[in-house]
Amino acid sequence: EFLLLDKEQVINIIENMADAVVVLSPEATIWYVNKALRPITGWSAQELDGAPFGKIVSDDEISLFSMIQQMMTLGPIRDYDTCFVNKEGEKVPVSFNGSVLRDEGGRMLGLVGIARDNREIKKLILKLEEANANLEKKVLQRTAELEKAYNELKSTEAQLIQSEKMASLGQLAAGVAHEINNPIGYINSNL
């Protein structure tokens, strides 16, 4: 059975969403924001009511505005990585999804966007990159240690081979001396 919700229930659902909801007029002024936007930007709904969307979007995020224009002609945008600006002027990374609101006749009524705060994800990515860099450093260090050990092993092996050659040469010399001494000793005894 289809669940019918009244206006208050719909507003309650939107207000309690984990992601920030922003509804814009066709001129890109802010009509509505839910309470999830406040932790991202620090602005209250009253402070943003009627403000231009640029108030919460980073100045160097002009590409978002071009994406909004594309959204109006090509359709919804999904998982667009951008930055909002908080009250202190700091950039806050967000993943933005948006679509055009149209009436039954197809006329544009406004825009709706949903933004997910990506600060924790960015921190985790940074930690992962640091861990990766440390791992690469350790791998290079361990590789250098293994190469050094390998070279020492090769050097020791070469010395061992040389020692074995010298020992064999010594045995050969002893054998030759013995072979020479035996007939000389026989001759000496007979003399």
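Scroll up to find the structure.
About the criteria used
- Residues numbered from 1 in each chain as written.
- Predicted model: local features only at pLDDT ≥ 70, side-chain atom pairs only at ≥ 80, totals over all residues.
- Heavy atoms only, no water.
- Helix = DSSP H or I, 4+ residues; strand = E, 2+ residues; numbered from the N terminus.
- Buried < 20%, exposed > 50% of the residue type's maximum accessible area, 1.4 Å probe, protein only.
- Contact = heavy atoms within 4.5 Å.
- Areas by Shrake-Rupley, 256 points an atom, 1.4 Å probe, with all protein chains shown as cover.
- Lys, Arg positive; Asp, Glu negative; His and termini not counted.
- Charge placed at Lys NZ, Arg CZ, Asp CG, Glu CD.
- Salt bridge = Lys/Arg side-chain N within 4 Å of Asp/Glu carboxyl O.

Caption draft 1: Representation of the overall build of the chain in the model. Helices and strands together make up the secondary structure of the chain, namely 5 helices and 5 strands. From first element to last, N terminus to C terminus, the chain shows the α and β order α-β-β-α-α-α-β-β-β-α. With the C-alpha coordinates of the chain rotated into their principal frame, the extents come out at 135 × 45 × 30 Å. Expressed as a percentage of the 191 residues in the chain, the buried residues total 25%. Residue pairs in contact within the chain that sit at least 24 positions apart in sequence constitute 39% of those at least 6 positions apart. Carbon and sulfur atoms make up 58% of the accessible area of the chain, which totals about 13,900 Å². Across the chain, the 20 positively charged side chains and the 28 negatively charged ones have centroids separated by 3 Å.

Caption draft 2: Broad picture of unusual backbone geometry. The residue Ala-28 is not glycine, and still its phi comes out positive at about 65 degrees. On the secondary structure map, Ala-28 appears in the loop between strand E1 (20-24) and strand E2 (30-33). The phi torsion at Asp-79 lies on the positive side, around 50 degrees, for a residue other than glycine. Relative to the helices and strands, Asp-79 is located in strand E3 (residues 77-85). On the basis of relative accessibility, which here comes to 55%, the residue Asp-79 falls in the exposed class.

Caption draft 3: A look at the pattern of salt bridges. For the structure shown, the criterion picks out 7 salt bridges. Measuring nitrogen to oxygen at the nearest pair gives 2.7 Å for the salt bridge that ties Arg-116 to Asp-19. Taken together, the positions of Arg-116 in strand E5 (residues 108-117) and Asp-19 in the loop between helix H1 (7-15) and E1 put the pair 97 residues apart, joining distant regions of the chain. With a relative accessible area of 46%, Arg-116 lands in the partly exposed category.

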